[in-house]
Each structure stands twice: as structure tokens, then as C-alpha cells.
There are 2 protein chains.
Amino acid sequence: MNSEIIGIIAGAFSCTTFLPQVIKTWKSKSTKDVSLTMFLIATLGTTLWLIYGIMIDSFSIIATNIVVLVFSITMLYLIFANREKRNTHTDNAEL
Amino acid sequence: MNSEIIGIIAGAFSCTTFLPQVIKTWKSKSTKDVSLTMFLIATLGTTLWLIYGIMIDSFSIIATNIVVLVFSITMLYLIFANREKRNTHTDNAEL
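Right, let's walk through the structure included here. Just so you know, these numbers come straight off a predicted model, no measurement behind them.

**Focus on the interface of chain A and chain B**
For step 1, the next point in the chain: Across the contact, 40 residues belong to chain A and 40 residues belong to chain B.
For step 2, the next point in the chain: In total, chain A and chain B occlude about 3,300 Å² of area from one another, counting both sides; carbon and sulfur atoms represent 71% of this.
For step 3, the next point in the chain: Per-residue buried area on chain A facing chain B is highest for D33, W49 and Y52 of chain A; these three make up 21% of the total on that side.
For step 4, the next point in the chain: Joining chain A to chain B, the criterion identifies 0 salt bridges.
For step 5, the next point in the chain: In this assembly, chain A and chain B are joined by 17 residue pairs in polar contact (both at pLDDT 80 or more).
For step 6, the next point in the chain: For the side of chain A that touches chain B, the secondary-structure elements that each account for two or more residues are α1 (3-17), α2 (19-28), α3 (36-56) and α4 (59-94) of chain A.
For step 7, the next point in the chain: Take the side of chain A that touches chain B: its biggest share by element is 13 residues, from α3 of chain A.
For step 8, the next point in the chain: Partitioning the side of chain A that touches chain B into residue classes produces 20 nonpolar, 16 polar and 4 charged.

Have a look at this one:
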């Protein structure tokens, strides 16, 4: 079996790994149990995999990591937006 | 620059991506905001990447995905253990 076929299926799974978390967090707006460090590391790691994919000319690695990078950055945004909101709420509560 | 050096650094990041979440969940025992689907997809995707890595003979892909697989399975265990515990608590509360 062609390795690139396995790579593309693996890529399809990896592409969507963070999607359920993005949807869950988007709906609940709650990130208390979610690790910020996980998504910081994911963003850095994904950027490096993208460079690696370009260097070894692997389409499946390049495509996967572009999508994962978008979801990682979305999760970072949601975590920070939620913290900001939580802080504002706390400030209001203290008034 | 050798692509395998980038691959190994990328792998080091990916290896540790789920570790902060494992530590956070291990300590808090709270998984309310964490997506189970994310770790189910991660486990399947990582298994496929492992097969891909073996097929294209990429050490960095193989090594990374073994470690990520261990953390993904650990997170699945923690999520299910926590649900089990939460259900038991609910049962007790209902008694």
C-alpha cells in the first residue's frame, strides 16, 4: 500500500484532532479544565512539523499541520478570550 | 540544515503536547471541559502516523507517535476514570 495514502488518512485524523475541543469550548465558553500549555506547545510543534514537511516534501505533513495550526491558534484565542471574560466578571463581582 | 534535526525538534514538541493536559487532569481529576472525542481521534490518528512513519522509515515520526500514543491513552483512561467516579458520586447522592 502506498505510504502517502496512509499519510493522508493519518493527516485527516490529525487535522480534526483539536476540532471537537474547539467546538466544545466554543459552545461552553468554559476552559477551566483545559491546559493552556498544551495548546502553546501544539502551536510551536505544529509550526516545526510544517517546516519539516516542506523540507522532506511530504504533502500529507504540510497539509495536516496547516489545519492543526489553525485549530491550535483558535484554541489559544478561546482560552485567552475566556480568561479575559472571567477576569472582567471577577472585577464586576468585586465592585 | 538537516531535515531530520527539524523533525526531531518538532517531535520533541509533539511528544510533550498532551503532557501538560495529563498533569493538569491528574491533579484536578476534573475533565468537564476536556473533549473525549479529541483524545479518541488523537489515539486513532497517532496509530496511523506510527504506521506511516514505519513505511517511510522516518525515525522522528515513529518516536514521536509512540510517546503521543501513550499520553493519548493515559488521557482516555483519566477521562473514563473520572466519569466512572462522577457516576458513582451521583449514584451515592441519589441514595
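And the narrative resumes.
**Focus on the packing of aromatic side chains**
All names here are of chain A.
For step 1, the next point in the chain: Considering all chains together, one arrives at 4 aromatic pairs over all chains under this definition.
For step 2, the next point in the chain: Between the aromatic rings of W49 and Y52, the centroid separation amounts to 5.3 Å while the plane-to-plane angle is 75 degrees, which identifies the pairing as edge-to-face. Taken together, the residues span about one helical turn, with W49 and Y52 both in helix α3 at a distance of 3 residues.
For step 3, the next point in the chain: Here W49 falls in the buried class, since its relative accessible area comes to 8%.
For step 4, the next point in the chain: Cation over ring: K29 sits above W26, and NZ or CZ is 4.8 Å from the ring centre.

**Topic: the side chain of S30 of chain B**
For step 1, the next point in the chain: Relative to the elements of secondary structure, S30 of chain B occurs in the loop between α2 (19-28) and α3 (36-56).
For step 2, the next point in the chain: Of the polar contacts made by the side chain of S30 of chain B, one reaches the side chain of D33 of chain A; its length is 2.9 Å.
For step 3, the next point in the chain: Excluding residues that lie within four positions of it along the chain, S30 of chain B makes contacts with K32 and D33 of chain A together with T25 and N82 of chain B.

**Some points on empty space enclosed by the protein**
For step 1, the next point in the chain: For the structure on display, the rule yields 1 cavity of 30 Å³ or more.
For step 2, the next point in the chain: Lining the largest cavity we find 23 residues, and of these S14, W49 and N65 of chain A together with S14 and W49 of chain B sit closest to its centre.
For step 3, the next point in the chain: Sorting the residues of the lining of the largest cavity by element identifies α1, α3 and α4 of chain A together with α3 and α4 (59-94) of chain B as the ones contributing at least two each.
For step 4, the next point in the chain: When residues of the lining of the largest cavity are assigned to their parent elements, the largest contribution, 5 residues, is made by α3 of chain B.
For step 5, the next point in the chain: When the residues that make up the lining of the largest cavity are grouped by side-chain class, the tally is 11 nonpolar, 12 polar and no charged.

**Section: α2 of chain B**
For step 1, the next point in the chain: Inspection of α2 of chain B places P20, Q21, V22 and T25 of chain B among the buried residues, and these make up the whole buried set.
For step 2, the next point in the chain: Backbone geometry just after α2 of chain B places K29 of chain B at a positive phi near 60 degrees.

What counts and how
Residues numbered from 1 in each chain as written. Chains lettered and ligands numbered in written order. Predicted model: local features only at pLDDT ≥ 70, side-chain atom pairs only at ≥ 80, totals over all residues. Heavy atoms only, no water. Contact = heavy atoms within 4.5 Å. Buried area = accessible area lost by both parts, 1.4 Å probe. Salt bridge = Lys/Arg side-chain N within 4 Å of Asp/Glu carboxyl O. Polar contact = N/O pair within 3.5 Å; in protein donor to acceptor, adjacent residues only side chain to side chain. Helix = DSSP H or I, 4+ residues; strand = E, 2+ residues; numbered from the N terminus. Nonpolar A, V, L, I, M, F, W, Y, C, P; charged D, E, K, R; others polar. Phe/Tyr/Trp six-rings, centres within 6.5 Å; stacked < 30°, edge-to-face > 60°. Buried < 20%, exposed > 50% of the residue type's maximum accessible area, 1.4 Å probe, protein only. Lys NZ or Arg CZ within 6 Å of the ring centre and 35° of its normal. 1 Å grid on protein atoms, 1.4 Å probe; cavity = no way out; pocket = protein on both sides within 12 Å on 5 of 7 lines; lining within 4 Å. Points joined across faces, edges and corners; volume = space filled by probe spheres on them.

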